[in-house]
Amino acid sequence: GHTPGRRVVPLQEAAARIRVAAEARRSRDFLIVARTDARTEHGLDEALRRAEAFASAGADILFVESPETEAEMERIGEALAGLPLLVNVVEGGKTPVLSRQRYVELGYQVAIFPATAFLAAGRGIESVYSHLKATGSSAGAEGELADFMDFSRTLGFERVWEFDRAHADVGER
């Protein structure tokens, strides 16, 4: 993966797990995403060998983790042409951050961005706490902050408030 020291299970075991999941599936709406972290420690050839085995075992989407160059991504797309591919975009990770169109051109149908919001939040946290440490107050940092009520709604607190009105406030009726 994008972090050092990733271990992979033996190929036969990994493929068997996918085969079991495919056999146990009760709905075609349930997709099996098969990931291999073999690229980092075992090389791209081994990662491709595993991805092909995963497809044969019944995986719906193939996830060759952490290709390190656009050329590697192109090779993955060519080697696994016609099979749905997933790219894991981690800003600051090993895989190139490209445009949506470029990922499609390279053969990827799915892109995930699991760290993007956390990285943005981390930058915001660093900024606002630096301000707080320097000034002793959050006054003046309002531009760094989300509106409290809007953020509460984004997190789904309206449902909590509705539940409270309907159920928790019974003693006040």
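Data block above holds the structure.
Since this is a predicted model, take the numbers as computed values, not measurements.

Caption draft 1: The arrangement of the pattern of salt bridges in detail. Inspection of the entire model under this criterion finds 15 salt bridges. In this structure, the salt-bridge partner of Arg-35 is Glu-65, at a minimum N-O distance of 3.1 Å. On the criterion of sequence distance, the pair formed by Arg-35 in strand β1 (residues 33–36) and Glu-65 in the loop between β2 (61–64) and α4 (70–79) is long-range, its members being 30 residues apart. Residues Arg-153 and Glu-158 are paired through a salt bridge, measuring 3.1 Å at the closest nitrogen-oxygen approach. Under the relative-accessibility criterion, Glu-158 is labelled partly exposed at 36%. Taken together, the salt bridges that share partners define one network made up of Arg-25, Arg-28 and Asp-60.

Caption draft 2: Helix α6 (residues 116–135), seen in detail. Taking 1.5 Å as the rise per residue, α6 with 20 residues should run 28 Å; its terminal C-alpha atoms sit 29 Å apart, in good agreement. Backbone geometry just after α6 places Gly-136 at a positive phi near 80°.

Caption draft 3: Fine view of the environment of Val-8. Mapped onto the elements, Val-8 comes out in the segment before α1 (11–24). Each C-alpha atom of the pair Val-8 and Asp-60 lies 20 Å from the other, and the pair is 52 residues apart in sequence. When residues no more than four places from it in sequence are discounted, the contact partners of Val-8 are Asp-37, Ala-38, His-42 and Arg-50.

Caption draft 4: Local environment of the pairing of β1. Burial along β1 is one-sided: the face carrying Ala-34 and Thr-36 is buried and the face carrying Val-33 and Arg-35 is not. Bridge analysis of β1 against β2 gives 4 bridges, and the strand direction is parallel. Across the sheet, the residue bridging to Arg-35 is Phe-63, located in β2.

Caption draft 5: Layout of the packing of α1 against helix α3 (residues 44–57). In contact at an axis separation of 8 Å, α1 and α3 are set at 30° when each is read in the N-to-C sense. The orientation of α1 with respect to α3, classified from their angle, is roughly parallel. Relative to α3, the crossing made by α1 is right-handed. Residues Leu-11, Ala-14, Ala-15, Ile-18, Arg-19 and Ala-22 of α1 pack against Arg-49, Arg-50, Ala-53, Phe-54 and Ala-57 of α3. In terms of residue class, the contact of α1 with α3 is made up of 8 nonpolar, no polar and 3 charged.

Caption draft 6: Examining the side chain of Arg-25 more closely. Positionally, Arg-25 belongs in the loop between α1 and β1. In contact with Arg-25, not counting residues within four places along its chain, are Phe-30, Leu-31, Ile-32, Gly-58 and Asp-60.

Caption draft 7: Structural context of the packing of α3 against α4. Interhelical geometry of α3 versus α4 gives an angle of 30° and a closest axis separation of 11 Å. Overall, the two elements α3 and α4 adopt an arrangement that is roughly parallel. Of the two elements, α3 crosses α4, and the hand of that crossing is right-handed. Contacts between α3 and α4 pair Leu-44, Asp-45, Leu-48 and Glu-52 from the former with Glu-72, Arg-75, Ile-76 and Ala-79 from the latter. Grouping the amino acids of the contact of α3 with α4 by side-chain chemistry returns 4 nonpolar, no polar and 4 charged.

The rules behind these values
- Residues numbered from 1 in each chain as written.
- Predicted model: local features only at pLDDT ≥ 70, side-chain atom pairs only at ≥ 80, totals over all residues.
- Heavy atoms only, no water.
- Salt bridge = Lys/Arg side-chain N within 4 Å of Asp/Glu carboxyl O.
- Helix = DSSP H or I, 4+ residues; strand = E, 2+ residues; numbered from the N terminus.
- Buried < 20%, exposed > 50% of the residue type's maximum accessible area, 1.4 Å probe, protein only.
- Expected span 1.5 Å × (residues − 1).
- Contact = heavy atoms within 4.5 Å.
- Pairing = 2+ DSSP bridges.
- Axes fitted to C-alpha atoms, helices over the stretch in contact; angles between N-to-C directions.
- Parallel < 35°, antiparallel > 145°, perpendicular 65-115°, else oblique.
- Left-handed = near helix turned anticlockwise from the far one by under 90°.
- Nonpolar A, V, L, I, M, F, W, Y, C, P; charged D, E, K, R; others polar.

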